[in-house]
Amino acid sequence: MKIAYKVALASVLAGGAHLAEAQHTQVFTAEERHFHEGVELFDRAKYGSAQEAFQKYISLIGDDAKTADAQYYYALSGLYLLHPDAEQQILAFTRKFPAHPKTALANYELGLYYFENKDYKKAVEFLVQAPTHLLGIKQNKELEFKLGYSYFATKDFENAKIYFDKNKTTGFRTDEHRFAYASNYYAGYIAYRNGDYAAAKNDLKIAEKNEAYQQIVPYMVTEILYKENDIFEVIRYGEAALAATPKPLQADEIALLVGDAYYQKADYATAAKYFNQYAEGKRTLDEVVQYKIAFTDYKNDNFKNAIANFKDIALKKTALGQNAAYYLGLSYLRENNKQFALTAFDQARKNNIDKSVTEAATVKYAQVNYELGNFREVINSLANFTNDYPDSEQGADADNLLSEAYFNSNNYPEAIRHIESLPKKSWRILQTYQRVTYFHAVNLFNDAKFPQAVTMLDKSLEYPYDKEVTAASHFLKGEAYSIGQRYEDAINSYGAVFRNAPSTSSEYYIKSRYGAGYAYYNTKQYDRALTHFKAYLDAIQPSNVNYHDATLRLADCYYVDKKYSDALGLYERVIASNSPDRDYAFFQKGVVLSITGKRDQALQNLQTVQTQFPNSRYADAAEYQRALIDFEAGNYQPAISGFSSLIQTKPESKLIPNALQKRGIAYTNVQRYNDAIVDFKRVLDEYPASPVASSSLYSLQDALANQDRSEEFDGYLARYKSSNPESGALESIEYEAAKTLYFSEKYAQAIPKFEAYISAYPKSPFISDSRYFLADSYLRQNNKDEGVRRMKQVIAENRSEYVNRAILKIAEIEFEAKNYTEAIKYYGRLRDVASNRNEQANALTGLMMSYYLTKDYAGSKRIANDLISQGNAALNARNTALLYRGKSTYAQGNMDQALTEFREAVKAASDVNGAEAQYLVAEILYKQKKYKESIDAAYEFNNKYSNYDYWLGRSFLIIADNYAAQNETFQARATLESIIEGSPVVEVVEEAKQKLAKMAPAGSGTGDTIQIQPR
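Residues numbered from 1 in each chain as written. Predicted model: local features only at pLDDT ≥ 70, side-chain atom pairs only at ≥ 80, totals over all residues. Heavy atoms only, no water.

A closer look at the overall build of the chain
Within the chain one finds 56 helices and 0 strands. Computed over its C-alpha atoms, the radius of gyration of the chain comes to 53 Å, more than 25% above the 31 Å expected for a compact globule of 1015 residues. Taking the principal axes of its C-alpha atoms as reference, the chain extends roughly 190 × 60 × 50 Å. By residue count, 54% of the 1015 residues in the chain fall in the buried class. Put simply, of all contacts in the chain between residues at least 6 apart along the chain, 54% involve residues at least 24 apart. Computed over 119 positive and 127 negative side-chain charges, the inter-centroid distance for the chain is 3 Å. (Helix = DSSP H or I, 4+ residues; strand = E, 2+ residues; numbered from the N terminus. Rg over C-alpha atoms; globule rule 2.2 N^0.38 Å. Buried < 20%, exposed > 50% of the residue type's maximum accessible area, 1.4 Å probe, protein only. Contact = heavy atoms within 4.5 Å. Lys, Arg positive; Asp, Glu negative; His and termini not counted. Charge placed at Lys NZ, Arg CZ, Asp CG, Glu CD.)

As structure tokens, this is what we get:
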């Protein structure tokens, strides 16, 4: 409290009746002397001594009315001395003497007391009652300011401004009271708060003239100018304030406003200077400010800084975040980082708050994808562009991109759907349609969906713009028909290739030679097959995977045509190679040598099959053929030994009935009739439907007659007739009826028919095949237990024509049940008894995968190499082998070798095997910390295998892992969010969510700054 004012006030108030009385008498009474002594002490600010004098006076007079002035001074002195009871004494005085002149002055003093103690509510209560007419000019100015400030402090801004306005100065006088500039400041602040910027500026600029406010006011004035959108004045005033000494308070905020003013003028070079001044030393920024700083850097070609600032905002699901993502993409493009740009544009287009930004980002996203070869994603992103933006200025660019993407796309179903939906189709689009329908057919074919593939190929052939594609379509139809054993249709399709291929040396013309050769071969048109196999071999190199197989088929054709010399030369060519079919070549060579009378050489070659290839599927045939050579030469005892060896060591061989029949004849020729009778009876008992059963019947009749046992013959004759009924017999009719239901896929109806048939005709020649059909029907009706039990009976009996199929089915069932040891047993058996390359390839494939899953990686690789050497003997067998060879090497820990092998698989396979291999390439590179190479490999997946959603999703997961490993948090988060939004694979989405949850939350600016609106 300012004591000087109180002393002056006391001197003024010391007049009154007492002073007048003293002037009249010139002599003070003893009592009055105490009062005047107290006043004198009070004027000299001796408040303690004054209180003692006033107390003596009050005690001596003893009259409240006469001593009111003394009581007032006594209480006021206590207030100045900060006595705890002084406030109550003043209040007591005002209550006791409400009409006394000094009561009004008491309110003034109490108001000032409460103001000094910051009790502004009470200060207002008493100061409004102050007697302004009794106060001097300076006291009234102090009263105005302190009353105004008390209202201000209690947030009564309306009354506060009234008093500040009274108290403030116009700024033109130099002798203003000491509260004037403060009142201007607070009046200006209240005007600013009320949006009266003109009044605020006027008051604040006056306040600024006072040293106390020189540093405070500039920020507020600059802010007002900014809010008035007077950017030129923001620059002029703000730059002047920043140049002043000392620096104004909140100079960084002034710099921000000046920078933004230059930003709005598009003077980005100067804006950057002030933005940098503002941002210096700050750890976080308001996101709008950070966006403008980033945009300024972008305009100044400072793309690295632009990227750093845009990244912090780009993941926000706001309009500002969308703009930031778009310009982040543009910045990455200027830095030639297309992969990162792609992620940013994807983020911008998916935000979809500002449609114009979405449109621009969509086109940019498509353009970058096209440049990177991600054609499927170009189509996905632009598929609805015309509908979404019918009046877009970028419509033509989008159409061109879409058309080009279709030419290069492997998102064939979507491309086909889109093209078919177009009301008008240009020749260029139809040319694209021809290609995409063909490529989609290829994928369907690789997925073993042959009827659908043929349908798609027919669509492609409607538009024969490209002759090469037309030839390829006809060829693929031929392959599909061949797999379905529709050989006549296959022959017609291969013939169409010959008519439409651009040249006889074109790829599909040559491949069709091989296909047509097999189609004729399988229909026993060996002369025509010979022509095609010969032409095929003339057109290819020995390194071709099918070279040795075609050589064998050509040799077989010469063999059938009895051109033994030509056949032998070809068999020997294969024997001299490293072909896996050398066992067959040795066997056939032995047969041909036998026919041409070169018995010893024949026996030697057949012996080679047995000794060098003991697990060959031709080992039993070689043994049988060796015995047959002796038999036909009349060497019956060696023949008997040979046939006996086969019968005893290979009881599951399909040649057992033949061996028994021939051994029986040999026994007869050496007059061992009883042994002969046993063999003939065994053929009729165990193999009554065998082709040699009729010969055995006649031989049995002769042998029994020779032994005078003819009476036994009638029973076997009856049995033979029962096993070989005429085609019109009821038994045959019932069998055919049940079989028709099976092949019509009416398995529920077929089951009771076969059950009844097996029960009614237990000795039927069709009984073994019926058991197979019945077992398979149970399996197809999902009665797995019964189906497996019945199928294993078929295998154990080993008499059905379909026993190899039964073995394969049980092997596959055990594999699916993860009983890999059992699966290996059945796949191994199938490998040993396979009757064709397709069966053998299926057996090897199953073995390879089962070995891998039992962690026998060496075994898996061994089988894989066998399969690879055979080429695609079965659909995609070679591709699967290439993959599993790499997986086995990978599992053994040799990542470099695995990488080489996976890359070979990728190069060869366009099916799911290639897709998994491509992913594993990216995974290995990631584990080797070759992050850029890993990302490139993962993005390559999208070019070739994007139809395989599971591996596509995993490829993007590995992309996110690579980004995270490089601390590219924006890229990692955006990639994971893209997976979550777009992947149809639940497992992949869940993994993406888990990875995202483990990452730090996206950063956000939190600087305590004025909110500057984005451009």
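Some words on the pattern of salt bridges
Scanning all chains against the criterion turns up 57 salt bridges. Taking the shortest distance from any N to any O, the salt bridge between Arg 553 and Asp 549 comes out at 3.0 Å. With a gap of 4 residues between them, Arg 553 and Asp 549 both fall in helix H32 (residues 547-560), about one helical turn apart. Exposure class is identical for Arg 553 and Asp 549. Each is buried. Among the ionic pairs, Lys 887 bridges to Glu 916, the shortest N-O distance being 3.0 Å. (Salt bridge = Lys/Arg side-chain N within 4 Å of Asp/Glu carboxyl O.)

Overview of helix H56 (residues 986-998)
Look at H56: 19 Å from first C-alpha to last across 13 residues, which is about the 18 Å you get at 1.5 Å a residue. If you check which residues of H56 are buried, you get Val 988, Val 989, Ala 992 and Leu 996. Across the axial projection of H56, the buried residues extend over an arc of 95°, all falling on one side. Away from the buried face of H56 by more than 90 degrees, exposed residues Val 986, Ala 997 and Lys 998 are located. In this structure, the buried residues of H56 make contact with helix H54 (949-965) and helix H55 (969-982). (Expected span 1.5 Å × (residues − 1). Arc of directions from axis to C-beta.)

Describing the nonpolar core
Counting residues in each nonpolar core, the largest one holds 212 residues, and the members touching the most others are Tyr 291, Phe 310, Tyr 326 and Phe 902. Looking at this core, the element that brings in the most residues is helix H15 (residues 251-264), giving 9 residues. Ignoring sequence-local partners within four residues, the contact set of Phe 902 consists of Leu 883, Gly 886, Lys 887, Tyr 890, Ala 917, Leu 920, Val 921 and Ile 924. Core analysis: the next-biggest nonpolar cluster, separate from the first, contains 87 residues, Val 363, Ala 471, Leu 603 and Ala 622 among them. (Core = buried A, V, L, I, M, F, W, Y, C linked by side-chain atoms within 4.5 Å.)

Concerning the environment of Gln 601
Tracing the backbone shows Gln 601 in helix H35 (residues 599-612). For Gln 601, a relative accessible area of 41% puts it in the partly exposed group. Between the alpha carbons of Gln 601 and Leu 684 there is a distance of 35 Å; along the sequence they are 83 residues apart.

Remarks on the packing of helix H46 (residues 803-816) against helix H48 (residues 837-853)
Between H46 and H48, whose axes approach to 11 Å, the crossing angle comes to 20°. Classified by the angle between their axes, H46 and H48 sit roughly parallel to one another. Handedness of the H46/H48 crossing: left-handed. Residues Asn 804, Leu 808 and Phe 815 of H46 form the contact with H48, whose participating residues are Glu 839, Asn 842, Met 849, Ser 850 and Leu 853. (Axes fitted to C-alpha atoms, helices over the stretch in contact; angles between N-to-C directions. Parallel < 35°, antiparallel > 145°, perpendicular 65-115°, else oblique. Left-handed = near helix turned anticlockwise from the far one by under 90°.)

Some thoughts on unusual backbone geometry
Backbone torsion omega between Thr 245 and Pro 246 reads 0°, so that peptide bond is classified as cis. Note that Pro 246 resides in the loop between helix H14 (231-243) and H15. Positive phi is not limited to glycine here, since Gln 485 has a value of about 60°. Structurally, Gln 485 is set in the loop between helix H28 (467-483) and helix H29 (487-500). The backbone phi angle of Asn 782 is positive, close to 65°, even though this residue is not glycine. Structurally, Asn 782 can be placed in the loop between helix H44 (767-780) and helix H45 (784-797).

Section: the confidence of the model for the chain
Here the chain averages 85 in pLDDT, while 93% of its residues score no lower than 70. Below a pLDDT of 50 lies the segment residues 1-26, which in the model reaches 42 contacts outside its immediate sequence neighbourhood of four places, other chains included. (pLDDT = per-residue confidence, 0-100.)

Quick look at the side chain of Gln 290
Mapped onto the elements of the fold, Gln 290 is located in helix H17 (residues 287-299). The residues touching Gln 290, leaving out its near neighbours within four places in the chain, are Leu 285, Ala 308, Asn 309, Asp 312 and Ile 313.

Quick word on helix H43 (residues 747-760)
Between its first and last C-alpha atoms H43 spans 20 Å; for 14 residues at 1.5 Å apiece the expected length is 20 Å, and the two agree. Regarding H43, the residues found buried are Tyr 747, Ala 750, Ile 751, Phe 754, Tyr 757 and Ile 758. On an axial view of H43, the arc spanned by its buried residues comes to 140°, and they lie on one face.

Overview of the packing of aromatic side chains
Counted under the stated rule, the structure contains 78 aromatic pairs. Between the aromatic rings of Phe 587 and Tyr 618, the centroid separation amounts to 6.1 Å while the plane-to-plane angle is 15°, which identifies the pairing as stacked. Taken together, the residues Phe 587 in helix H34 (residues 582-595) and Tyr 618 in the loop between H35 and helix H36 (619-632) connect sequence positions 31 residues apart. Judged by relative accessible area, Tyr 618 falls into the buried class, the value being 17%. A centroid spacing of 5.0 Å and a plane angle of 50° characterise the contact between Tyr 757 and Tyr 761, whose relative ring orientation is tilted. An aromatic cluster is defined as three or more aromatic residues linked by ring pairs; in this entry it consists of Phe 115, Tyr 120, Phe 145, Tyr 149, Phe 152, Phe 157, Phe 164, Phe 179, Tyr 185, Tyr 186, Tyr 189 and Tyr 213. (Phe/Tyr/Trp six-rings, centres within 6.5 Å; stacked < 30°, edge-to-face > 60°.)

Concerning the packing of helix H30 (residues 507-522) against H32
Relative orientation of the contacting elements H30 and H32 amounts to 40°, with a least axis distance of 11 Å. On the basis of their axis angle, the class for H30 and H32 is oblique. Viewed along their axes, H30 and H32 form a crossing whose handedness is left-handed. Contacts between H30 and H32 involve Tyr 514, Tyr 518 and Tyr 521 on the former and, on the latter, Asp 549, Ala 550, Arg 553, Asp 556 and Cys 557. Each residue belonging to the contact of H30 with H32 can be placed in one class, and the counts come to 5 nonpolar, no polar and 3 charged. (Nonpolar A, V, L, I, M, F, W, Y, C, P; charged D, E, K, R; others polar.)

Some points on the environment of Gln 367
Mapped onto the fold, Gln 367 is located in helix H21 (residues 355-372). Residue Gln 367 is classed as partly exposed on the basis of its relative accessible area, which comes to 25%. Considering only alpha carbons, one finds Gln 367 and Asp 397, 30 residues apart in sequence, at a separation of 9.1 Å.

A word on the environment of Lys 477
Mapped onto the secondary structure, Lys 477 falls in helix H28. Given a relative accessible area of 12%, Lys 477 falls into the buried group. Sequence spacing of Lys 477 and Leu 81 is 396 residues, and the spatial spacing of their C-alpha atoms is 114 Å. Beyond its immediate chain neighbours, meaning those up to four positions away, Lys 477 contacts Val 454, Leu 457, Asp 458, Leu 461 and Ser 493.

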